[in-house]
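# Descriptive structure summary
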Amino acid sequence: MLVTAYFAIIVLLALCVGLEFTARRLTPPQSTPTAVANPAFRRFQSIFLRAYLLALWADWLQGPYLYKLYRHYSFLESQIAILYVCGLAACVLFAPFSGWLPQVLGRRQTCLLFCVTYSACCLTKLSRDYFVLIVGRILGGLSTSLLATTFEAWYVHRHLDVHDFPKEWIPSTFNKVATWNHGLAVGAGLVANLLAEWLHLGPVAPFLLAVPCLGCCGWVVLTDWGKEEAERGPEGDKPTLILGAATGGVIRLSAKERFSRSCQEGLRCLLSDKRVLLLGGVQALFESVLYIFVFLWTPVLDPHGPPLGIVFSCLMAASMVGSLLYRLATSTRYHLQPGQVLCLAILMAFFSFFMLTFSTVPGQPRPHDSFLAFLLLELACGLYFPAVSFLQGRVIPEEKRAGVLAWFRLPLHLLACLGLLALHGEISGTGGGEGGGGTRHMFGGCAIMMLAALMAVISLFTLSRNDIDLRLEGCRGEGEME
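Residues numbered from 1 in each chain as written. Predicted model: local features only at pLDDT ≥ 70, side-chain atom pairs only at ≥ 80, totals over all residues. Heavy atoms only, no water.

Moving on, we get to the UniProt feature "signal peptide" (unreviewed entry) in the protein. Using the residue numbers shown here, the UniProt feature "signal peptide" (unreviewed entry) corresponds to residues 1-18. What you have in residues 1-18 is 94% helix and 0% strand, and the ends, taken at the C-alpha atoms, are 25 Å apart. (UniProt positions renumbered as here; feature names shortened; annotations may be inferred. Helix = DSSP H or I, 4+ residues; strand = E, 2+ residues; numbered from the N terminus.)

Although it is not a glycine, Ser74 sits at a positive phi angle of roughly 70°. Mapped onto the fold, Ser74 is located in the loop between helix H4 (66-72) and helix H5 (77-105). For Ser74, a relative accessible area of 60% translates into the label exposed. You will see that His200, though not glycine, has its phi angle at about 55°, which is positive. Tracing the chain through its elements places His200 in the loop between helix H8 (170-198) and helix H9 (205-232). Accessibility expressed as a relative area gives 68% for His200, which makes it exposed. (Buried < 20%, exposed > 50% of the residue type's maximum accessible area, 1.4 Å probe, protein only.)

Turning to the packing of aromatic side chains, a few remarks are in order. Per the stated rule, a full pass over the model turns up 27 aromatic pairs. With 5.4 Å between their ring centres and 50° between their planes, Phe114 and Tyr118 make a pair best called tilted. One end of the pair, Phe114, and the other, Tyr118, are both in helix H6 (residues 107-123), four residues apart, so they sit about a helical turn from each other. With a relative accessible area of 5%, Tyr118 lands in the buried category. Taking the centre distance of 4.9 Å and the plane angle of 80° together, the rings of Tyr384 and Phe385 count as edge-to-face. Just above the ring of Tyr84 sits the side chain of Arg137; from NZ or CZ to the centre is 5.0 Å. (Phe/Tyr/Trp six-rings, centres within 6.5 Å; stacked < 30°, edge-to-face > 60°. Lys NZ or Arg CZ within 6 Å of the ring centre and 35° of its normal.)

This part takes up the nonpolar core. In globular proteins that are soluble, nonpolar side chains generally tend to be buried together. Core analysis: the largest hydrophobic core is formed by 143 residues, its most contacted members being Phe48, Phe151 and Trp225. Here this core takes 16 residues from helix H14 (residues 367-395), the largest share from any one element. Counting contributing residues, this core receives three or more from each of domain 1 (43-228) and domain 2 (273-462). With residues near it in sequence (within four places) discarded, Phe48 still touches Phe151, Trp154, Tyr155, Thr173, Phe174, Val177 and Trp225. (Core = buried A, V, L, I, M, F, W, Y, C linked by side-chain atoms within 4.5 Å. Domains from an automatic or database assignment. Contact = heavy atoms within 4.5 Å.)

Here we come to the pattern of salt bridges. Enumeration according to the criterion identifies four salt bridges in this entry. The salt bridge involving Lys68 is made with Asp302; its shortest N-O contact spans 3.2 Å. On the criterion of sequence distance, the pair formed by Lys68 in helix H4 and Asp302 in the loop between helix H11 (274-301) and helix H12 (308-329) is long-range, its members being 234 residues apart. In this structure, the salt-bridge partner of Arg366 is Asp369, at a minimum N-O distance of 2.8 Å. A residue is classified by how much of its surface remains accessible, and Arg366, at 39% relative accessible area, is partly exposed. What makes Asp369 partly exposed here is its relative accessible area of 32%. (Salt bridge = Lys/Arg side-chain N within 4 Å of Asp/Glu carboxyl O.)

Written out as structure tokens, the structure is:
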């Protein structure tokens, strides 16, 4: 496995470089010369990216060695499953508050809160006490929820409401984030491997490195973002004003009322539009199995001695390959639609879990086959996320998107928690171990969930087969002719 991992990372990185050059040749840059040439926008974008990319880097550093750290502390696999469940349960509990806190504390202050809570989460990894580690997982759940919403909320508010930049410029910033994010993930695996294995500092070292990174992120938020708000004014944290239709009066909504209204409108949209409901089902099924995969990949491969940081980088590089293939597939040369790519991604994920049910047979593990299946799953993820993001933008009304996505995340985390609890039960009941029957059964359950997700996608496009809004702009003419 050692040679396989190093060979795989070299091949995958070379493939990424080749696909990037091919994608640039086949997909010319979007026509946003005004945004690129605007010095005020570029300065504002740079201020945001400095903080956000540091936060993402600190988050990725914690990926490769979390399970390994708990095993290093001699916890059983069933105990580790409970720790993961605590983190997911915290995500479920704190997800609503992650949308409410910025309206109460302010967006910048909530980003600072993220830096503090995530640093505390990392420092708990120094303790071998199970209760302290549970507290750390709860803090991690809160921090993950804040990372998923607060930074982007600050950026979008400042972009639109303060600087009054065109809305069409927003994707240019988040395209940069997506590009950098894959590179950060691959680099985080390499750095974590350097610290934990090459320098023999142990699996806690990447978590300790994340703390100064979060400190730098907080400093940028405190200074650069504070200076930016001082120059432009922090108007966005005031209560929203809504004009009364009948009286012409002004109603002031508190943060709690705004949050409640957003949730109600999101639920109403989810229940009234079958397309939104089916898309939410796809997201819940697909992404919940990813949480189970995050828990299981280490115990499946670690007994065979691979460098976990390098394996993590391989997985992230495979995801990058998938995102580059998505760009090529939807280019004007190949004309594939995001819905077709989404179906392909789910089929690949199903085949990956199907492979894993055979490569994790108790007593007959095939780690190379499992590694290949994990790479295929990450390749599917690289195709899935841009495709589902495109469909969300077309199916869910923009003003209701935050509330709807909050409801999407609820079943997602609950399904993942139930899966890990079921795995914990099988391990505890059988005295199982790495690659045991519980692991194999869980992969089989994930394959069934992928089939359910595929049925939901087919239903979605059967329902919307004549809906040109779900097609890419450049291919609408073809769809109408058909």
